[in-house]
Amino acid sequence: LLLAVATAAAAGLVGCFAVMRRMALASDAISHVALPGIGLAMLFGQSPLLGALIALAGGAILIWTLEEQTRIPTDTIIGVVFSAALAIGSMMTPEDQLMAVFLGRRGPISTVELVFSLVAAGRVVTFMLLERHRLVVALVSPDMARTSGVNVRRLNLGYLFMFALTVALGLRHLGVLLMGSLVIIPAATARRL
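It should be emphasised that the depicted structure is a prediction, and the values quoted were computed from it without experimental measurement. (Residues numbered from 1 in each chain as written. Predicted model: local features only at pLDDT ≥ 70, side-chain atom pairs only at ≥ 80, totals over all residues. Heavy atoms only, no water.)

**Q** What am I meant to see in the pattern of salt bridges here?
**A** Any two side chains of opposite charge can pair, given that their charged atoms come close. Scanning the entire structure with this criterion turns up three salt bridges. Put simply, Arg153 and Glu68 hold a salt bridge, and the shortest N to O gap is 2.9 Å. Remark: Glu68 occurs in helix 3 (residues 48-70) and Arg153 occurs in helix 8 (residues 152-192); sequence separation between them is 85 residues. Overall, Arg153 belongs to the partly exposed group, its relative accessible area being 43%. A relative accessible area of 15% places Glu68 in the buried class. (Salt bridge = Lys/Arg side-chain N within 4 Å of Asp/Glu carboxyl O. Helix = DSSP H or I, 4+ residues; strand = E, 2+ residues; numbered from the N terminus. Buried < 20%, exposed > 50% of the residue type's maximum accessible area, 1.4 Å probe, protein only.)

Next up, the structure:
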């Protein structure tokens, strides 16, 4: 219950900015970036969470780098990375584990997983609350944010890392398909209300 509340709080805060930044499809796409990491971790007998974290961090850096260097819109870059990650991850993940990766799996979690997830959720919530004003200013006008002393590049990278970390929080129980929904649907609903 504690893990569910922490994950929901992180997903809600990240999702609000994802909706405002028109990155609604990014949560689903970024969650699929975890697939190659999960597949590699399973092949080498390592923790799927570790593989997912490495792949998600690498995906966030790749998306950020491509966005900064090419000036291609974020949603286009995410779409390309998503397609490649889905294809590679589907080929690398053992077939008998693929459904659990897509839809999550039930069962008790270890103390290490619980502690990591609570610390990670706390980090996401802290970042989002501390940086919310800078994120809004950078969203409205990146130029105004820069003149106010905000390092927009670093802020965008930090946000992508928090986005990726939030996705990693729910992968075990919700899988790569449903975790994107947890980030976007509550935020989109709240915006309409």
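This is not the end of the story, as more comes after the structure.
**Q** Looking at this model, I keep getting lost on helix 3. Mind explaining?
**A** In an α-helix there are 3.6 residues to a turn, and that puts residues three or four apart on one side. For helix 3, built from 23 residues, the straight-helix expectation of 33 Å at 1.5 Å per residue is met to within 8% by its first-to-last C-alpha distance of 32 Å. Those residues of helix 3 that fall on the buried side of the exposure criterion are Gly51, Ala52, Ala55, Leu56, Gly59, Ala60, Ile63, Trp64, Glu67 and Glu68. Positive phi shows up at Arg71, right after helix 3, with a value of about 60°. (Expected span 1.5 Å × (residues − 1).)

**Q** For this particular structure, what's the right way to read the nonpolar core?
**A** When a protein is soluble and globular, its nonpolar side chains tend to lie buried together. In terms of nonpolar packing, the biggest core is built from 51 residues, with Leu56, Met128, Tyr159, Phe163 and Leu171 touching the most fellow members. Within the residue set of this core, elements represented by two or more residues are helix 1 (2-20), helix 2 (26-43), helix 3, helix 4 (74-92), helix 6 (111-140) and helix 8. Considering every element that reaches this core, the biggest residue donor is helix 8, with 18 residues. (Core = buried A, V, L, I, M, F, W, Y, C linked by side-chain atoms within 4.5 Å.)

Purely geometric stuff here, so don't read any function into it on its own.
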